[in-house]
Every structure is written in C-alpha cells, then in structure tokens.
Amino acid sequence: MQVLTKRYPKNCLLTAMDRYSATVHNMEQVVMLPSLLQDMQPHAHGHQAQAGAPSFYNYFTMLKAICLDVDHGLQPREEWQVKIAGCEANEAAETEEGKEVLGQLDLEAQFHLHLSSLHHILTHLTLKAEEVTKIYQEITGQDM
C-alpha cells in the first residue's frame, strides 16, 4: 500500500487527490487479474445489485482512467471531445452493457468537467496572484 508522503491540510483538495491516487495505485497492485471482476456486481447493504448496475470491472477501469487525469493532468480538450462524440454516436445501438459504459462515462465526464473547471480557476487565480505581486513590486519600487 502506498503511503502519503506529502502533508497538506486535512480538507485540502490536494490531500484528497493524493489519497485517491494512492488508493487507486494500491488497487492496481492488489488486483492482478481485473477480468475476474467482470461478472461481479456490487451489493448494496446485503441486497442484490440492481439490474444494469456497473460491475466492479467497470468501476476498476473508470477509477484508473480518472487517476490518470489526477496524476498526469488533463487530456487535451480535443481528445476528450472525440471520446464523448464516439460514445454519443453509439448511443442509438446501445445494449445493457452499453448503458453501463455510458453511466461510467457520465461519471468520467462529470469528473473531467469539474476538474477542468477547477484547473481553469486555479490558473486564473495564479495569474491574478502574479499580477498582484507585479503591481506591488511596481508600487514599492522593487520592479524587476
């Protein structure tokens, strides 16, 4: 199991992202044969899984895909749009398995949307912080 080496405040987004990444990497180390998860459905508090619910294999692949974005940054927008467009093109010929994958992509799409929005906001705030620093340096005569 991976141990978190970075120390951030408890409720910090970076702590949550590091924890998620470490947990998924641990999952990848433990699950040696992901295909064994294909027919396994999650059970909700002792009840049978709902018909059409994603298998643990679907969750495994989704969690790994999201972890790539968390660890390595976002895909270029064009690549993501191609992935979504391909899914929408196949929507008419959907089977039960296709509905599972679509539900998985919905979660991935939501995650990607929120992560890209967060990235945009953080980038904007970084630029603003640089602007404030520059203005302060000009005001105090520390202009470089």
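Residues numbered from 1 in each chain as written. Predicted model: local features only at pLDDT ≥ 70, side-chain atom pairs only at ≥ 80, totals over all residues. Heavy atoms only, no water.

Here the focus is the overall build of the chain. Scanning the chain from N- to C-terminus turns up four helices and zero strands. Start at the N end of the chain and walk to the C end: the helices and strands fall as α-α-α-α. Looking at the chain as a whole, 17% of its 144 residues are labelled buried. In the chain, once contacts between residues fewer than 6 apart in sequence are set aside, the share between residues at least 24 apart is 56%. (Helix = DSSP H or I, 4+ residues; strand = E, 2+ residues; numbered from the N terminus. Buried < 20%, exposed > 50% of the residue type's maximum accessible area, 1.4 Å probe, protein only. Contact = heavy atoms within 4.5 Å.)

Here we take up helix α1 (residues 13–30). In this model, α1 (18 residues) spans 26 Å end to end at C-alpha, consistent with the 26 Å of a helix rising 1.5 Å per residue. For α1, the full list of buried residues reads T15, S21, A22, V24, N26 and M27. Buried residues along α1 sit against α2 (56–72). (Expected span 1.5 Å × (residues − 1).)

Turning our eyes to something else, we now look at the side chain of N58. Inspection of the secondary structure assignment puts N58 in helix α2. On the accessibility criterion, N58 (10% relative accessible area) is buried. A distance of 2.7 Å separates the side chain of N58 from the side chain of S55, its partner in a polar contact. (Polar contact = N/O pair within 3.5 Å; in protein donor to acceptor, adjacent residues only side chain to side chain.)

Below, the discussion takes up α2. In this model, α2 (17 residues) spans 24 Å end to end at C-alpha, consistent with the 24 Å of a helix rising 1.5 Å per residue. Three or more residues of α2 are buried, namely N58, F60, M62, I66, C67, D69 and V70. Positive phi shows up at G73, right after α2, with a value of about 95 degrees.

In this section: the pattern of salt bridges. Within the structure shown, the criterion is met by one salt bridge. Here E28 makes a salt bridge to K64, at a shortest N to O gap of 3.9 Å. With E28 in helix α1 and K64 in helix α2, the pair connects residues that are 36 residues apart, well separated along the chain. On the basis of relative accessibility, which here comes to 29%, the residue E28 falls in the partly exposed class. (Salt bridge = Lys/Arg side-chain N within 4 Å of Asp/Glu carboxyl O.)

In terms of nonpolar packing, the biggest core is built from five residues, these being V24, M27, L37, F60 and C67. If you list the elements that add at least two residues to this core, you get α1 and α2. Not counting residues within four places of it along the chain, the set of residues in contact with M27 comprises F60, L63 and K64. (Core = buried A, V, L, I, M, F, W, Y, C linked by side-chain atoms within 4.5 Å.)

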